[in-house]
Amino acid sequence: GAGVSQTPSNKVTEKGKYVELRCDPISGHTALYWYRQSLGQGPEFLIYFQGTGAADDSGLPNDRFFAVRPEGSVSTLKIQRTERGDSAVYLCASSLTRTSSTDTQYFGPGTRLTVL
Amino acid sequence: QQQVKQSPQSLIVQKGGISIINCAYENTAFDYFPWYQQFPGKGPALLIAIRPDVSEKKEGRFTISFNKSAKQFSLHIMDSQPGDSATYFCAASKMGSNYKLTFGKGTLLTVNP
């Protein structure tokens, strides 16, 4: 079956602009996660959704970052007033459910964001 | 602060050799330790995972060794193959919030033919 998909694969924007990154999780997965991976680093947790609600947004770096999942499937990560330091690969992952503590997170290929 | 420290940063192994990647953690609340494999342009994929109630877990050519007292765990890849060339990440998560993975910085493994 289809895995997690993310669009666009690459996004180049100018400092100060607004961007939206989209994630389509695996069908039927109720849990969705966003991570940020800077060059030469491991992924860094941003936010976790269970269904439509953000259960944990403690990893969002500041209030310029916001994510939604209005229908419990597709999610959009929104970044306002982008800064050069926001440049990174933004990874989305999904898992079947969060009730099992060992649910495997399946990652998408990521969106590479470059802020000029 | 870096909660999961991974070494080495890069590793070159000959085909058929053993690749060993090490991780150390500080937070004793961690209770789930997965390893992820990432190929260029792809997202990380779960390889193998362990909980601290066992000292070793083996799946095919991949083995995790876990030392709870030392707060260390390692990945061993036996009979390494060129197709294993990738970046490997160790990770950890806490009981009650196992969804929040804390990753190491990664190890770039190159297996020469």
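Anyway, here's the lowdown on the structure attached to this text. (Residues numbered from 1 in each chain as written. Chains lettered and ligands numbered in written order. Predicted model: local features only at pLDDT ≥ 70, side-chain atom pairs only at ≥ 80, totals over all residues. Heavy atoms only, no water.)

## A few points about the side chain of T13 of chain A
Stage number 1. On the secondary structure map, T13 of chain A appears in strand 2 (residues 10-13).
Stage number 2. Discounting residues that sit within four places of it in the chain, T13 of chain A has contacts with V19, T82, L113, T114, V115 and L116 of chain A. (Helix = DSSP H or I, 4+ residues; strand = E, 2+ residues; numbered from the N terminus. Contact = heavy atoms within 4.5 Å.)

## Considering empty space enclosed by the protein
Stage number 1. Applying the stated criterion across every chain, the model contains 1 cavity of 30 Å³ or more.
Stage number 2. Approximately 30 Å³ is the volume attributed to the largest cavity.
Stage number 3. If you trace the largest cavity, you find it lined by D103 and Q105 of chain A together with Y32, Y36, N98 and L101 of chain B.
Stage number 4. Looking at the lining of the largest cavity, the elements that each hand over two or more residues are strand 4 (30-38) and strand 10 (97-103) of chain B.
Stage number 5. The residue makeup of the lining of the largest cavity, split by class, is 3 nonpolar, 2 polar and 1 charged. (1 Å grid on protein atoms, 1.4 Å probe; cavity = no way out; pocket = protein on both sides within 12 Å on 5 of 7 lines; lining within 4 Å. Points joined across faces, edges and corners; volume = space filled by probe spheres on them. Nonpolar A, V, L, I, M, F, W, Y, C, P; charged D, E, K, R; others polar.)

## Comments concerning the layout of surface pockets
Stage number 1. Counted as a void, the largest pocket has a volume near 720 Å³.
Stage number 2. Along the wall of the largest pocket there are 30 residues; nearest its centre are Q37, S38, L39 and G40 of chain A together with Q38 of chain B.
Stage number 3. Put simply, the parts of the chain that give the lining of the largest pocket at least two residues each are strand 9 (88-95) and strand 11 (111-115) of chain A together with strand 9 (86-94) and strand 11 (107-112) of chain B.
Stage number 4. Here the lining of the largest pocket gets 4 residues from one element, more than from any other, and that element is strand 11 of chain A.
Stage number 5. The computed volume of the second largest pocket comes to approximately 470 Å³.
Stage number 6. For the lining of the second largest pocket, the per-class residue count stands at 6 nonpolar, 12 polar and 5 charged.

## Some words on the interface of chain A and chain B
Interfaces are often sized by the amount of accessible area the parts lose when they come together.
Stage number 1. Listed by partner, the interface residues are 20 residues for chain A and 18 residues for chain B.
Stage number 2. Buried surface at the junction of chain A and chain B, both sides included, amounts to about 1600 Å², of which 54% is carbon and sulfur.
Stage number 3. Applying the counting rule to chain A against chain B returns 1 salt bridge.
Stage number 4. K100 of chain B is paired through a salt bridge with D56 of chain A; the nearest N and O atoms lie 3.3 Å apart.
Stage number 5. The interface formed by chain A and chain B includes 7 residue pairs in polar contact (both at pLDDT 80 or more).
Stage number 6. Listing elements by their share of the side of chain A that touches chain B, those giving two or more residues are strand 4 (31-37) and strand 5 (44-50) of chain A. (Buried area = accessible area lost by both parts, 1.4 Å probe. Salt bridge = Lys/Arg side-chain N within 4 Å of Asp/Glu carboxyl O. Polar contact = N/O pair within 3.5 Å; in protein donor to acceptor, adjacent residues only side chain to side chain.)

## As for the packing of aromatic side chains
Residues and elements named next belong to chain B.
Stage number 1. Counted under the stated rule, the structure contains 18 aromatic pairs over all chains.
Stage number 2. Relative to F66, the ring of F33 has its centre 4.8 Å away and its plane inclined at 45°; by these criteria the two rings are tilted. Note that F33 is positioned in strand 4 and F66 in strand 7 (residues 62-67), a separation of 33 residues in sequence. An identical accessibility class is assigned to F33 and F66; each is buried.
Stage number 3. Ring geometry for W35 versus F73: centroids 5.7 Å apart, planes at 70°, classification edge-to-face. Here F73 lies in strand 8 (residues 72-77) and W35 lies in strand 4, a separation of 38 residues in the sequence.
Stage number 4. Relative accessible area serves as the criterion here: at 0%, W35 is assigned to the buried category. (Phe/Tyr/Trp six-rings, centres within 6.5 Å; stacked < 30°, edge-to-face > 60°. Buried < 20%, exposed > 50% of the residue type's maximum accessible area, 1.4 Å probe, protein only.)

## Here's the deal with the sheet that holds strand 8 (residues 75-79) of chain A
Sheets are built from strands paired through backbone hydrogen bonds, the pairs being either parallel or antiparallel.
Residues and elements named next belong to chain A.
Stage number 1. Strands sit in the order 1-3-8-7 across an open sheet of 4 strands; the sheet is antiparallel. Looking at which strands have only one partner, the edges of the open sheet turn out to be strand 1 (5-7) and strand 7 (65-68). Strand-to-strand twist across the sheet, computed as the mean angle between neighbouring axes with direction ignored, equals 15°.
Stage number 2. One ladder, built from 3 bridges, connects strand 1 with strand 3 (residues 19-24); its direction is antiparallel. Bridge pairing in strand 3 places Q6 opposite C23. (Pairing = 2+ DSSP bridges. Axes fitted to C-alpha atoms, helices over the stretch in contact; angles between N-to-C directions.)

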